[in-house]
Amino acid sequence: GYVSGTIKNLTVAGTVTTSSSYAAGIVAYGNSATVENCTNKVHVTATQKGYVAGVIAYASESSLIKGCKNTATISGCGNYVGGICANASKSSITNCLNSGVISNSGKPSSGGIAGSIDVSSISMCGNTGTITSTLKRTGGIAGSIGAYSGGGSVDKSFNTGTITGIYGVGGIVGDAAGTDSSISD
């Protein structure tokens, strides 16, 4: 559902299957949301659309995702598929870990932590899961940063998972656009 508040210390398990967008184990759409110390064990599948993630499908307007984990399989068929967050806009993702399998058979931008971030940051995160996409912008941490509306940053993060895509494929980031995008440490 829609969240504009705080969710803490939650572990969820099960299955979510939809033909629509905005599918996640914990939060579908977050606006100024804080999701902290949560673990997703829900296998999430979107059969026709994107914005699919383990923890939060869409994070916007200063949302904070902190200390969260995804251990489940996340499968989408459209833009933005991620282990923790599908798409983050003007938000921050810190201390998160994905060990689940992430797959996208539709449109671009798939990542172990986030499918895409714009004017957002990912810091001190890690991916050990396998990430597979049939298109471009596929990364161990983020599929793309700054691809649509502005820059973004990834720092102090690691990937040990196998990453497979067509082009724009990277161990940390698949595609970085704009002069305000950075990858460090």
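The notes below deal with the structure included here. All residue numbers refer to positions counted from 1 along the written sequence of the respective chain. With pLDDT at 70 or above as the cut-off, local features in this predicted model cover only qualifying residues; side-chain atom pairs require 80 or more to be listed or tallied, and sums for whole chains, interfaces and linings still use all residues. The side-chain numbers reported here are obtained from all heavy atoms of the structure, hydrogens and water having been left aside.

## What to know about the pairing of strand β5 (residues 27-31)
What counts is decided by this rule: Two strands qualify as a pair provided DSSP detects at least 2 bridges between them. Numbering of helices and strands runs from the N terminus, with a helix taken as a DSSP run of H or I at least four residues long and a strand as a DSSP run of E at least two residues long.
As paired elements, strand β1 (residues 2-3) and β5 share two bridges and run parallel to each other. The partner of Y2 across the bridge, within β5, is Y29. Looking at chain direction, β5 and strand β9 (residues 56-60) are connected through four bridges and run parallel. Directly across from N31, in β9, lies its bridge partner S60.

## Considering the sheet that holds strand β8 (residues 52-53)
Taken in spatial order, the six strands make up an open sheet running β4-β8-β13-β18-β23-β28, and their pairing is parallel. Only two strands of the sheet have a single neighbouring strand rather than two, namely β4 (23-24) and β28 (169-170).

## Quick look at the state of the cysteines
Working definition of a disulfide: a covalent bond connecting the sulfur atoms of two cysteines. Quick note on the threshold: Any two cysteine sulfur atoms within 2.5 Å of one another count as a disulfide. Burial here depends on accessible area, computed with a 1.4 Å probe over protein chains only, as a share of the maximum for the residue type. Under 20% is buried, over 50% is exposed, and the range in between is partly exposed.
What the rule picks out here adds up to zero disulfides. Left without a disulfide partner, C68 is nearest to the cysteine sulfur of C96, which lies 4.8 Å away. When its relative accessible area of 0% is taken as the criterion, C68 is described as buried. Among the cysteines around C125, which has no disulfide bond, C96 carries the closest sulfur, lying 4.7 Å off. For C125, a relative accessible area of 1% corresponds to the buried category.

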